[in-house]
Amino acid sequence: MAANLNDISSLVNHLLAQKSLKNMEKVLRQLLTSSELTEVKNRLQIIEMLEQGMPQRQIADKLGVGIATVTRGSTILKQGKRL
């Protein structure tokens, strides 16, 4: 089930309403499982490593993710959709 714009806006507004990093972390831990948090962290790291010019296979090996996951990040960058 894909999230629609209203769902995303509601989530973003809720996160932006947090007054501190501690509150933001608490909310994220309540909303996401441990593996979901790890997945989001990996996706951010993939984008950063790709921007630094690191090869996709090296990123996949370093983070322990599949090459398809890294390719997804590469596609986002190629489309000009920087996070």
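Whatever comes next refers back to the structure up there.
To keep things clear, this report deals only with the structure shown in the data block. (Residues numbered from 1 in each chain as written. Predicted model: local features only at pLDDT ≥ 70, side-chain atom pairs only at ≥ 80, totals over all residues. Heavy atoms only, no water.)

## Observations concerning the overall build of the protein
Part 1: The helix and strand tally for the protein stands at five helices and zero strands.
Part 2: Of the regular secondary structure in the protein, the N- to C-terminal order runs α-α-α-α-α.
Part 3: Its C-alpha atoms give the protein principal-axis dimensions of about 35 × 25 × 25 Å.
Part 4: Within the protein, buried positions represent 18% of all 83 residues.
Part 5: Within the protein, contacts between residues separated by at least 24 positions form 28% of all contacts whose residues are at least 6 apart in sequence.
Part 6: Taking the 12 positively charged and 7 negatively charged side chains of the protein as two groups, their mean positions are separated by 2 Å. (Helix = DSSP H or I, 4+ residues; strand = E, 2+ residues; numbered from the N terminus. Buried < 20%, exposed > 50% of the residue type's maximum accessible area, 1.4 Å probe, protein only. Contact = heavy atoms within 4.5 Å. Lys, Arg positive; Asp, Glu negative; His and termini not counted. Charge placed at Lys NZ, Arg CZ, Asp CG, Glu CD.)

## Details of the pattern of salt bridges
Pairs can form between side chains of opposite charge once their charged atoms are near each other.
Part 1: For the coordinates displayed, the defined rule picks out two salt bridges.
Part 2: Linking glutamate 25 and arginine 29 is a salt bridge whose minimum nitrogen-to-oxygen distance equals 3.0 Å. In this pair, glutamate 25 and arginine 29 are both assigned in helix 2 (residues 21-31), four residues apart and thus about one turn of the helix distant.
Part 3: For glutamate 25, a relative accessible area of 43% translates into the label partly exposed.
Part 4: Its relative accessible area of 55% is what places arginine 29 among the exposed residues.
Part 5: The salt bridge partner of arginine 43 is glutamate 39, with a shortest N-O separation of 2.5 Å. In this pair, arginine 43 and glutamate 39 are both assigned in helix 3 (residues 34-51), four residues apart and thus about one turn of the helix distant.
Part 6: Judged by relative accessible area, arginine 43 falls into the partly exposed class, the value being 35%.
Part 7: The partly exposed category is assigned to glutamate 39, whose relative accessible area is 40%. (Salt bridge = Lys/Arg side-chain N within 4 Å of Asp/Glu carboxyl O.)

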